[in-house]
Amino acid sequence: MAKRPNIILITSDQHRGDCFGFEGRAVKTPHLDLMAQAGTRFSSCITPSVFCQPARASILTGMLPYTHGVADNGINLDPATGEAGFAGSLARAGYDTGFFGKAHFSTRATYQPTDTPECKTGSRSYPEDWNGPYMGFGHVELIVHGHLSKARANPMPPEGQHYERYLSSRLPDGGAYDMWARELPPVTGAAQTWHSGLPVKWHSSTWIGDRTIDWLRNRKADTPFCAWVSFPDPHHAFDCPEPWSRLHAPEAVDLPDHRTMDLDRRPWWHRASLEGEPIVDDPEIRQYRMKGQRVSPQTDVQLRDMTANYYGMISLIDHTVGRIMETLAETGQAENTIVIFTSDHGDMLGDHGLYLKGPTFYEGVLRVGMIVQGPGIPAGKIIADPVSTLDLAPTFHDLAGLAVPPRLQGTSLAPLIHGASGAARDAAYSEWFVHKSRFGFDMDLRLVRTATHKCTFEMLSGAGELYDLVNDPTEMDNLFDDPAGKSARKDLTELLQARPGKILDSFPPQIGMA
């Protein structure tokens, strides 16, 4: 029997699919560029949902959000469903399984306390020596507060998990958080953007790398492993520490060609999501929804500062990826380890005058990078078929020599990687049920993306947006109600109706924000 490969999934958070050196943008990612040269990358990979919790639950389970039930942030993944995901399957087959960083399978900011290790209240009941199991992973070292925010109170032990305890222990009386919040000059006023005073040694990206490397060096060598290494960056706030925050000169970064709002050309919910007020009783959650998840129009100077900081966060992750790859080589594990790099979703970063993420399924938010490197993986190959991070769970089953459970809605990427006959893909799917607690009204957004077109359907109103990605790559002309888009709309509607798997009749209630 062939030796089963080790698997490392590395994810960033809110990382656009075009923000890699190999994509042509001015961001420095030398280690990820090397991965792409030595392996295979997917140029049309999308997220199953443009928000964190649904997307991460889909990566773990191999099911779309309307099937696993996490249709929006604030809905916990059912533990039984999570434990049946790829980590649990591989653990039951004899793999060591580990998770390092931001999981976000459960809600942090809940209306009422829950008993999950990711709940800001429930986390207090976990002893300091707790390391799992959690959602199928035998060993976990978690970051609960993946994104610190000046709009929220800082976590202090016993709230939080492994990283929160580490960071709080650096200085007494919350001193490390004061250093994080310190804005080093120059301060330009770019939204949620500053050169953070936090030492890079204490930063979450560094800590995740340290903990992953320690695990890789000290685990049993005769057992295959599967690890998920999950960085919270480059998600806002854009608070990169020095010197990484200054690696990219603001005047040298690239800005989108079209960076002004054009809401009159878009479906109704684009404007409504910017102007609506969340319907939620919790004052902290309401404050964060109004202030922390919205960005006013930025000047070009401000957008350059934001982009340079965002790039710095990516470069720090890239550096840490290099450290992990070097550890695999030093320990002799590289020759039997397949490494995958991707993200949960992207960021608008000024496209169409919009920022962060929201119910605007432009490519900046929808498309993510996907690189696969390891033994048997073709070098320098680029696959343009529409795929999804939904496909990772069946791929991991396939790589481990396990049967792919029929409930999974993704498809193994291995046949595409190896050029198997009949492996071509027609479409990938994304979906998000937007609860009124976010913008003041409900929406049911379902998207289909092919190699040439994509269409978002708002199922409650019947409105939609359709773009020809070949002739209109910057998504300027919505063809949904245009006679020129009639044929493509018909094809994409049929693909939507052919969505694989069951859709739940109702979704679990939101128990918090994120």
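Quick notes on the rules
Residues numbered from 1 in each chain as written. Predicted model: local features only at pLDDT ≥ 70, side-chain atom pairs only at ≥ 80, totals over all residues. Heavy atoms only, no water. Salt bridge = Lys/Arg side-chain N within 4 Å of Asp/Glu carboxyl O. Helix = DSSP H or I, 4+ residues; strand = E, 2+ residues; numbered from the N terminus. Buried < 20%, exposed > 50% of the residue type's maximum accessible area, 1.4 Å probe, protein only. Pairing = 2+ DSSP bridges. Core = buried A, V, L, I, M, F, W, Y, C linked by side-chain atoms within 4.5 Å. Contact = heavy atoms within 4.5 Å. 1 Å grid on protein atoms, 1.4 Å probe; cavity = no way out; pocket = protein on both sides within 12 Å on 5 of 7 lines; lining within 4 Å. Points joined across faces, edges and corners; volume = space filled by probe spheres on them. Nonpolar A, V, L, I, M, F, W, Y, C, P; charged D, E, K, R; others polar. Axes fitted to C-alpha atoms, helices over the stretch in contact; angles between N-to-C directions. Parallel < 35°, antiparallel > 145°, perpendicular 65-115°, else oblique.

## Observations regarding the pattern of salt bridges
For the structure on display, the rule yields 32 salt bridges. Linking Arg124 and Glu159 is a salt bridge whose minimum nitrogen-to-oxygen distance equals 3.2 Å. Residue Arg124 is located in the loop between strand E4 (96-102) and strand E5 (139-143), and its partner Glu159 is located in the loop between E5 and helix H6 (162-168); the two are separated by 35 residues in the primary sequence. Under the relative-accessibility criterion, Glu159 is labelled buried at 11%.

## Describing the pairing of strand E9 (residues 337-343)
Of all seven residues in E9, seven are buried; the element is thus mostly enclosed. Residues Thr337, Val339, Phe341 and Ser343 of E9 are buried on one face, and the alternating residues Ile338, Ile340 and Thr342, pointing to the opposite face, are buried as well. Pairing between E9 and strand E11 (residues 370-373): four bridges, direction antiparallel. Within the sheet, the bridge partner assigned to Val339 lies in E11 and is Gln373.

## Examining the nonpolar core
Counting 43 residues, the largest nonpolar core has Phe42, Leu60, Phe86, Phe105, Phe137, Trp228 and Ile340 as its most contacted members. Residue contacts for Phe105: discarding those within four places in its chain leaves Gln53, Arg56, Leu60, Asn76, Leu77, Phe99, Glu118, Tyr134, Met135, Phe137 and Trp228.

## Observations regarding empty space enclosed by the protein
This structure, assessed with the given rule, holds five cavities of 30 Å³ or more. The calculated volume of the largest cavity comes to roughly 290 Å³. For the largest cavity, the lining is made up of 22 residues, of which Leu274, Gln293, Tyr355, Lys357 and Gly358 are closest to its centre. Among the elements of the structure, helix H9 (268-275) and helix H15 (436-439) are those that each provide at least two residues to the lining of the largest cavity. The element that contributes the greatest number of residues to the lining of the largest cavity is H9, accounting for three residues. Split by residue class, the lining of the largest cavity holds eleven nonpolar, seven polar and four charged. Size it by volume and the second largest cavity reaches roughly 240 Å³. Around the second largest cavity sit 21 residues that line it, and Lys102, His104, His147, Arg152 and Ala514 are the ones nearest its centre. Counted by class, the lining of the second largest cavity contains seven nonpolar, nine polar and five charged residues.

## Overview of the layout of surface pockets
A volume near 500 Å³ is recorded for the largest pocket. What lines the largest pocket is a set of 20 residues, and nearest its centre among them are Arg16, Asp18, Asp351, Pro473 and Thr474. Taken together, the residues of the lining of the largest pocket sort by class into five nonpolar, five polar and ten charged.

## Some details on the packing of helix H8 (residues 204-218) against helix H11 (residues 300-330)
Packing of H8 against H11 brings their axes to within 9 Å, and their N-to-C directions diverge by 10°. Considering the angle they form, H8 stands roughly parallel to H11. Mapping the contact onto sequence places Ser205, Thr206, Gly209, Asp210, Thr212, Ile213, Leu216 and Arg217 in H8 and Leu316, Ile317, Thr320, Arg323, Ile324, Thr327, Leu328 and Glu330 in H11. Classifying every residue of the contact of H8 with H11 gives six nonpolar, six polar and four charged.

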